[in-house]
Amino acid sequence: HYAAAELNKIDVRLQENIKNAEKEKNLYKIYDAYREYIDSGLLFESILKFYQNKTLSLLLQLVEKDKRKEYELLKLYRKIGEKNKYEILLKELLNKNPSVILVKKLMRFLYKENRYKEMLDIHQKYKNYDIKLPALFNTFE
């Protein structure tokens, strides 16, 4: 009973944060409140999906104003399972500003999608980053 009461208090606080942010009409605060709610672990199934979609909609508006939010958009796409959008954005970010982290993310994504040839092509293209291949491919090096 105590745990359920505490979880309810957290849920009420998070919903209050959303209401307050919406009253202020500050898009950044509204997005932060929704993101905190979907990351809380309190939401499941269709309710979680509803709030994830709302958060995505807010984040897309923010990205239009602030391109630095694209990295958050990348995380959200991954979290909600938008594989195509995740891959497209990841490749765009990689083309704009290559980094070891982005190359690793793309290679990991391609590996999980069983797209080994593409993963090997990316590994070759960015070989100057000295990224180690998954254990499965170590025998080919």
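Cut-off values and rules
- Residues numbered from 1 in each chain as written.
- Predicted model: local features only at pLDDT ≥ 70, side-chain atom pairs only at ≥ 80, totals over all residues.
- Heavy atoms only, no water.
- Axes fitted to C-alpha atoms, helices over the stretch in contact; angles between N-to-C directions.
- Helix = DSSP H or I, 4+ residues; strand = E, 2+ residues; numbered from the N terminus.
- Parallel < 35°, antiparallel > 145°, perpendicular 65-115°, else oblique.
- Left-handed = near helix turned anticlockwise from the far one by under 90°.
- Contact = heavy atoms within 4.5 Å.
- Nonpolar A, V, L, I, M, F, W, Y, C, P; charged D, E, K, R; others polar.
- 1 Å grid on protein atoms, 1.4 Å probe; cavity = no way out; pocket = protein on both sides within 12 Å on 5 of 7 lines; lining within 4 Å.
- Points joined across faces, edges and corners; volume = space filled by probe spheres on them.
- Salt bridge = Lys/Arg side-chain N within 4 Å of Asp/Glu carboxyl O.
- Buried < 20%, exposed > 50% of the residue type's maximum accessible area, 1.4 Å probe, protein only.
- Phe/Tyr/Trp six-rings, centres within 6.5 Å; stacked < 30°, edge-to-face > 60°.
- Polar contact = N/O pair within 3.5 Å; in protein donor to acceptor, adjacent residues only side chain to side chain.

Moving on to the packing of helix H4 (residues 70-80) against helix H5 (residues 83-96). Running from N to C, H4 and H5 cross one another at 150°; their axes reach a closest spacing of 9 Å. By the angle between their axes, H4 is roughly antiparallel relative to H5. Considering the relative orientation of H4 and H5, their crossing is left-handed. Here H4 contributes Glu70, Tyr71, Leu73, Leu74, Tyr77 and Arg78 to the contact with H5, which in turn contributes Lys85, Tyr86, Leu89, Leu90, Leu93 and Lys96. Partitioning the contact of H4 with H5 into residue classes produces eight nonpolar, no polar and four charged.

What follows covers the layout of surface pockets. Roughly 200 Å³ of volume is contained in the largest pocket. The wall of the largest pocket is formed by Arg78, Lys83, Tyr86, Lys105, Arg108, Phe109, Lys112 and Glu113. At the level of secondary structure, the elements contributing two or more residues to the lining of the largest pocket comprise H5 and helix H6 (100-112). If one sorts the elements of the lining of the largest pocket by residue count, H6 sits on top with four residues.

The next thing to look at is the pattern of salt bridges. Counted by the stated rule, this structure contains 15 salt bridges. In this structure, the salt-bridge partner of Glu87 is Lys91, at a minimum N-O distance of 2.8 Å. Here Lys91 and Glu87 lie together in helix H5, a separation of four residues that amounts to about one turn. Residue class for Glu87 comes out buried when judged on its relative accessible area of 9%. Owing to a relative accessible area of 32%, Lys91 belongs among the partly exposed residues under this scheme. Linked through salt bridges whose partners overlap, the residues forming this network are Asp32, Arg35, Lys69 and Glu72.

Right, let's talk about the packing of aromatic side chains for a bit. Under the definition given, this model contains six aromatic pairs. Taken together, a centroid distance of 4.9 Å and an interplanar angle of 85° make the contact between Tyr37 and Tyr51 edge-to-face. Taken together, the residues span a long stretch of sequence, with Tyr37 in helix H2 (residues 27-38) and Tyr51 in helix H3 (residues 45-65) at a distance of 14 residues. Exposure class is identical for Tyr37 and Tyr51. Each is buried. Three or more aromatic residues joined by ring pairs make a cluster, and in this case those are Tyr34, Tyr37, Phe50 and Tyr51.

Below, the discussion takes up the side chain of His123. Looking at where His123 falls in the secondary structure, it is placed in helix H7 (residues 116-125). By relative accessible area, which is 17% here, His123 ends up buried. Within the structure, His123 has its side chain in polar contact with the backbone oxygen of Ile131 (distance 2.7 Å).

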